[in-house]
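# Observations on the model geometry
Here is how the chains run, residue by residue.
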Amino acid sequence: MRHTIQLFKAITDETRLRILALLGHGELCVCDLMAVLELPQSTVSRHLAVLRHAGWVIDRRQGVWMHYRLADADAPLRQALQPAFLEHLATLPAVQRDREHLRLYLLQKTQDACT
């Protein structure tokens, strides 16, 4: 029961929902999320820690930066929820703005920016 509560508690924050929606397009560096969400590193990292602890995301280190992606939906509840959840998030205006901001940001980002 505790894991189920953590899973749902992690998605009760707008910033965490926006992060999950952005990660629905693939792995991103913390610096990418900072730029798109216009939030400081400490805030983004704190939200990512909550999502990681609940099992929504996984991380890997590259140089000084951490990169995050959605975790595989291994638990039956997440297998059922994750696709519909991400599909719903994609319909929200704030998420659509974030995705466009990410697209434009990635067009001008240099390849070695997150090393």
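Note that the coordinates shown come from a computational prediction; the quantities given were computed from them, not determined experimentally.

Two elements in contact, helix H2 (residues 14-23) and helix H5 (residues 76-89), have axes separated by 10 Å at closest approach and are oriented at 100°. With respect to each other, H2 and H5 are oriented roughly perpendicular. Facing Leu17, Leu20 and Ala21 of H2, the residues of H5 in contact are Phe85, Leu86 and Leu89. Split by residue class, the contact of H2 with H5 holds six nonpolar, no polar and no charged.

What follows covers the nonpolar core. Among the nonpolar cores identified, the biggest contains 31 residues, and Leu20, Leu23, Leu33, Leu48, Trp56 and Val57 are the most heavily contacted of them. Counting residues per element, the ones that place at least two in this core are H2, strand S1 (28-29), helix H3 (30-37), helix H4 (41-54), strand S3 (65-70), H5 and helix H6 (93-108). In this view, Leu33 contacts Ile19, Leu22, Leu28, Glu38, Val44 and Leu48; residues no more than four positions away in its chain are not counted.

Hydrogen bonds between backbone atoms are what pair the strands of a sheet, whose relative direction is either parallel or antiparallel. What the three strands build is an open sheet, ordered S1-S3-S2; its pairing is antiparallel. The strands lining the two open edges of the sheet, one partner per strand, are S1 and strand S2 (57-62). Pairing analysis gives six bridges linking S2 to S3, with the strands arranged antiparallel. The residue bridging Arg61 from the neighbouring strand is Met66, located in S3.

Before going further, it helps to spend a moment on the environment of Arg97. With respect to the helices and strands, Arg97 occurs in helix H6. For the pair Arg97 and Val36, spaced 61 residues apart in sequence, the C-alpha to C-alpha distance is 9.5 Å.

What follows concerns the packing of aromatic side chains. For the structure on display, the rule yields one aromatic pair. Judged by centre distance (5.5 Å) and plane angle (35°), the ring pair of Trp56 and Phe85 falls under tilted. Residue Trp56 is located in the loop between H4 and S2, and its partner Phe85 is located in helix H5; the two are separated by 29 residues in the primary sequence. Given the relative accessible area of 1%, Trp56 is considered buried. For Phe85, a relative accessible area of 17% corresponds to the buried category.

What follows concerns the environment of Gln41. With respect to the helices, strands and loops of the structure, Gln41 is situated in helix H4. By relative accessible area, which is 39% here, Gln41 ends up partly exposed. Along the backbone, Gln41 and Ala73 are 32 residues apart, and their C-alpha atoms lie at a distance of 27 Å. With residues near it in sequence (within four places) discarded, Gln41 still touches Val30 and Met34.

On to the pattern of salt bridges. The full count for this structure, using the stated rule, is five salt bridges. Across the pair Asp98 and Arg18 runs a salt bridge, and its minimum N-O distance is 2.6 Å. Taken together, the residues Asp98 in helix H6 and Arg18 in helix H2 connect sequence positions 80 residues apart. Just as Asp98 is buried, Arg18 falls in that class too. Measuring nitrogen to oxygen at the nearest pair gives 2.7 Å for the salt bridge that ties Arg60 to Glu27. Pair noted here: Arg60 is in strand S2 and Glu27 is in the loop between H2 and S1, with a separation of 33 residues, a long-range link. When its relative accessible area of 34% is taken as the criterion, Glu27 is described as partly exposed.

Definitions and limits used
- Residues numbered from 1 in each chain as written.
- Predicted model: local features only at pLDDT ≥ 70, side-chain atom pairs only at ≥ 80, totals over all residues.
- Heavy atoms only, no water.
- Axes fitted to C-alpha atoms, helices over the stretch in contact; angles between N-to-C directions.
- Helix = DSSP H or I, 4+ residues; strand = E, 2+ residues; numbered from the N terminus.
- Parallel < 35°, antiparallel > 145°, perpendicular 65-115°, else oblique.
- Contact = heavy atoms within 4.5 Å.
- Nonpolar A, V, L, I, M, F, W, Y, C, P; charged D, E, K, R; others polar.
- Core = buried A, V, L, I, M, F, W, Y, C linked by side-chain atoms within 4.5 Å.
- Buried < 20%, exposed > 50% of the residue type's maximum accessible area, 1.4 Å probe, protein only.
- Pairing = 2+ DSSP bridges.
- Phe/Tyr/Trp six-rings, centres within 6.5 Å; stacked < 30°, edge-to-face > 60°.
- Salt bridge = Lys/Arg side-chain N within 4 Å of Asp/Glu carboxyl O.

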